[in-house]
Amino acid sequence: MSIGNSPEDDRPSIGRALQQARIAAGLTVEEVSSSTRVRIPIVHAIEEDDFSRCGGDVYARGHIRNIARAVGIDPEPLVERFDGDHGGRPAPTPAAPLFEAERIRSEPRRPNWTAAMVAAIVAVIGFVGFTLFNGGDDKPSNTAQVAEGSKPDKTAAKPSTTKPTDPKPVPSESAIAAAPRDKVTVKLGASQGKSWISVKDHNGRLLFDGLLLEGESKTFQDKERIDLVLGNAGAIELFVNGKKLQDRFEPGQVERLTYTKGDPEAG
């Protein structure tokens, strides 16, 4: 009598599940590597279920979580399967041996009478000096008030004159309608799902690289040009220089776009 395979046996492997999700999201291995900071050869190896290049199980779990989030799937079932295939999670270090070691080291020692005598002499000298300084008056002096902390510390109350260097502010939502003519302003809104996006200025400097979740929006501005890569262009709503673009892309479609100060009228 034959025994059928369980439903779990029909599931794709960890690497295959990540690869299928990446393709469904319209992302390349290079884009996933850029988004997660996991090197391209390691992303390829993980998609082939080769975790030997990760540098250990702890790093492998972290790579699986980061890649799963980048391609839009829940990482926990994949991490649980990895743990099941690699002997489970490492057990936490028991606290009992550490406690025993501390208890052994803290055995009572002989009292240091010399130190005790020195402390007593210092206390007596301090008391005599304090009495002579106050002239035997029961009224607390200004010096005593300072010692008790009743007088504020002028040094501590002085505000710092150093101002932190703030990054260039991003235009607010209300500023989009009145976008300056001497700059290019691009607003991205994830209205139909989530999408991985990459944004660069005219110098090629990376302004943003990561996931834009559904309901979120981000605005970018440059004096000459904005370059975009949209991993799931069908989910994105575009506003360029204060005007909404009517072009609609297909879900999962990868688009590379460039906008300048004259857009959308130009071109």
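Note that this is a predicted model, so its numbers are computed, not measured.

1. Observations regarding the packing of helix α2 (residues 29-36) against helix α3 (residues 40-47)
Then, in step 1: With their axes 9 Å apart at the nearest point, α2 and α3 run at an angle of 115 degrees to one another. It follows that α2 is roughly perpendicular to α3 by the angle criterion. Seen along the crossing, α2 lies across α3 with a hand that is right-handed. On α3, the residues touching V29, E30, V32 and S33 of α2 are I40, V43, H44 and E47.
Then, in step 2: Taken together, the residues that form the contact of α2 with α3 break down as four nonpolar, two polar and two charged.

2. Observations regarding the nonpolar core
Then, in step 1: Counting 23 residues, the largest nonpolar core has I14, L18, I46, F51, I64 and L78 as its most contacted members.
Then, in step 2: The element that contributes the greatest number of residues to this core is helix α4 (residues 57-71), accounting for five residues.
Then, in step 3: In this structure, L78 is in contact with I14, A17, L18, I64, A68 and I73, ignoring residues within four places of it in sequence.
Then, in step 4: Grouped together as the second largest cluster of nonpolar side chains are 20 residues, F208, L212, A233 and L257 included.

3. Looking at the sheet that holds strand β5 (residues 225-230)
Then, in step 1: As summarised here, the arrangement of the four strands in space is β3-β2-β5-β8, forming an open sheet in which the pairing is antiparallel. Strands at the two margins of the open sheet, each flanked by one partner only, are β3 (206-212) and β8 (255-260). Strand-to-strand twist in this sheet, taken as the mean axis angle between neighbours without regard to direction, amounts to 15 degrees.
Then, in step 2: Note that β5 and β8 share six bridges and pair antiparallel. Its bridge partner being in β8, D227 is matched across the sheet by T258.

Definitions and limits used
- Residues numbered from 1 in each chain as written.
- Predicted model: local features only at pLDDT ≥ 70, side-chain atom pairs only at ≥ 80, totals over all residues.
- Heavy atoms only, no water.
- Axes fitted to C-alpha atoms, helices over the stretch in contact; angles between N-to-C directions.
- Helix = DSSP H or I, 4+ residues; strand = E, 2+ residues; numbered from the N terminus.
- Parallel < 35°, antiparallel > 145°, perpendicular 65-115°, else oblique.
- Left-handed = near helix turned anticlockwise from the far one by under 90°.
- Contact = heavy atoms within 4.5 Å.
- Nonpolar A, V, L, I, M, F, W, Y, C, P; charged D, E, K, R; others polar.
- Core = buried A, V, L, I, M, F, W, Y, C linked by side-chain atoms within 4.5 Å.
- Buried < 20%, exposed > 50% of the residue type's maximum accessible area, 1.4 Å probe, protein only.
- Pairing = 2+ DSSP bridges.

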